[in-house]
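Next come the chains, spelled out residue by residue.
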Amino acid sequence: MNAMFEPFVDVVPSFFGTLAQGPLTLTIFLHTVIILPMFWIYKQEKARLEQEGN
Amino acid sequence: MAKKSVWSDNRFWQRTAAWITGFASVLLIWLTFDTSAQISMGTDADIQSGVTKRVPGPTVINYKIAYEFNKKRQHEIPVIGGMNAEGTSAFQEKEKFFGRDDWSEAEASEMLRLGKLGSQSKNCMNCHTLLGNGAYYAPDLTKAWLDPAWGPTGSMQAMTGKSTKEEAMAEFLQHPSQYPTHSRMMPNLGITAEEAKGLVAFLKHMSSIDTNGFPRNFGKIQGAVNGK
């Protein structure tokens, strides 16, 4: 049976092993750490620009 | 004056670029150390105490090595010294290598070192592939030790007139042009008996390395499954 989440099967448990458990694991991780902070930076910069009156 | 967009603001892109570059650097440095820990060679003590390492210690040449399909990992894994209940290496069953199964760590290391240097000086990778590096003009050598052609039922022992896998391999390496195995015949590289021994040890050790199932589908090569 194909479960949505498979048990960890790498030789040695490692953080990088968790990123290589399926086709989406690395993608989801990188989007989380790159795109989400970009929203935060965007909001900060927007607030700054508004404050400067542009 | 039109309202300035964040998307055309320099500072937004500078901060984004700085974040991605900084984060990626940390990740890659961490990955480097994580990888070097995982690919560092084990020791004889690891084998004695049944610790599975991705790259086992040099004394693995004293053990029987098989390549079995692992259901959990969905590919073949090296099984050293027989299989335990979990389907991984039991480190029990020994196998004679050039007549001995008690090569010490120092002796085995010395042989592997000779084999590694030999493989480099004879430029095996010019035609063969070792652990993903090299060419595909000649057969992939990563799991060559497990190739059934060299086993008791294979053709190579009869062809070279030897009764063990390691002796057949060593004989072939010393006089490859005498044994027509392939339309692309291996040239005579002037490998000495001692070098051949080292090279065979090197190949046996390499076959025990857990390569996450690389080369893919090796086990599906005719007869290669379960080392038959």
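Residues numbered from 1 in each chain as written. Chains lettered and ligands numbered in written order. Predicted model: local features only at pLDDT ≥ 70, side-chain atom pairs only at ≥ 80, totals over all residues.

Residues and elements named next belong to chain B. Met169, Leu173, Leu199, Val200, Ala201 and Leu203 are the most contacted members of the largest nonpolar core, which has 34 residues in total. Listed by contribution, the elements that provide at least two residues to this core are β1 (65–70), β2 (75–80), α3 (105–121), α5 (165–174) and α6 (193–207). Take this core: its biggest share by element is seven residues, from α6. (Core = buried A, V, L, I, M, F, W, Y, C linked by C-beta atoms within 7 Å. Buried ≥ 20, exposed ≤ 12 C-beta atoms within 10 Å, placed from the backbone. Helix = DSSP H or I, 4+ residues; strand = E, 2+ residues; numbered from the N terminus.)

Let us look at the domain arrangement of chain B. According to the domain assignment, chain B consists of domain 1 (11–35) and domain 2 (54–227). Using only C-alpha atoms to locate each centre, domain 1 of chain B and domain 2 of chain B end up separated by 40 Å. (Domains from an automatic or database assignment.)

Residue and element names in this part refer to chain B. Between α5 and α6, whose axes approach to 9 Å, the crossing angle comes to 125°. Between α5 and α6, the angle is such that the two are oblique. Note on packing geometry: the crossing formed by α5 with α6 is right-handed. Residues Glu166, Met169, Ala170, Leu173 and Gln174 of α5 lie in contact with α6, whose contacting residues are Ala193, Ala196, Lys197, Leu199, Val200 and Leu203. The residue makeup of the contact of α5 with α6, split by class, is eight nonpolar, one polar and two charged. (Axes fitted to C-alpha atoms, helices over the stretch in contact; angles between N-to-C directions. Parallel < 35°, antiparallel > 145°, perpendicular 65-115°, else oblique. Left-handed = near helix turned anticlockwise from the far one by under 90°. Contact = placed C-beta atoms within 7 Å. Nonpolar A, V, L, I, M, F, W, Y, C, P; charged D, E, K, R; others polar.)

Moving on to the confidence of the model for chain B. Residue and element names in this part refer to chain B. On average, residues of chain B score 90 in pLDDT, and 94% of them reach the 70 mark or higher. Below a pLDDT of 50 lies the segment residues 223–228, which in the model reaches 14 contacts outside its immediate sequence neighbourhood of four places, other chains included. The ipTM assigned to the predicted complex is 0.80, against a pTM of 0.83. (pLDDT = per-residue confidence, 0-100.)

Attention shifts here to α5 of chain B. Three or four residues apart is the spacing at which side chains of an α-helix point the same way, because the helix has 3.6 residues per turn. Residues and elements named next belong to chain B. For α5, the tally of buried residues reaches eight of 10 residues, placing the bulk of the element in the interior. Of the residues making up α5, those classed as buried are Lys165, Glu166, Ala168, Met169, Ala170, Glu171, Phe172 and Leu173. Packing partners of the buried residues in α5 comprise α4 (156–160) and α6.

All names here are of chain B. As judged from the six bridges shared by β1 and β2, these two strands associate in the antiparallel manner. Counted as the bridge partner of Phe69 is Glu76 from β2. Two successive antiparallel strands, β1 and β2, enclose a turn made up of four residues, where Gln74 displays a positive phi of approximately 60°. (Pairing = 2+ DSSP bridges.)

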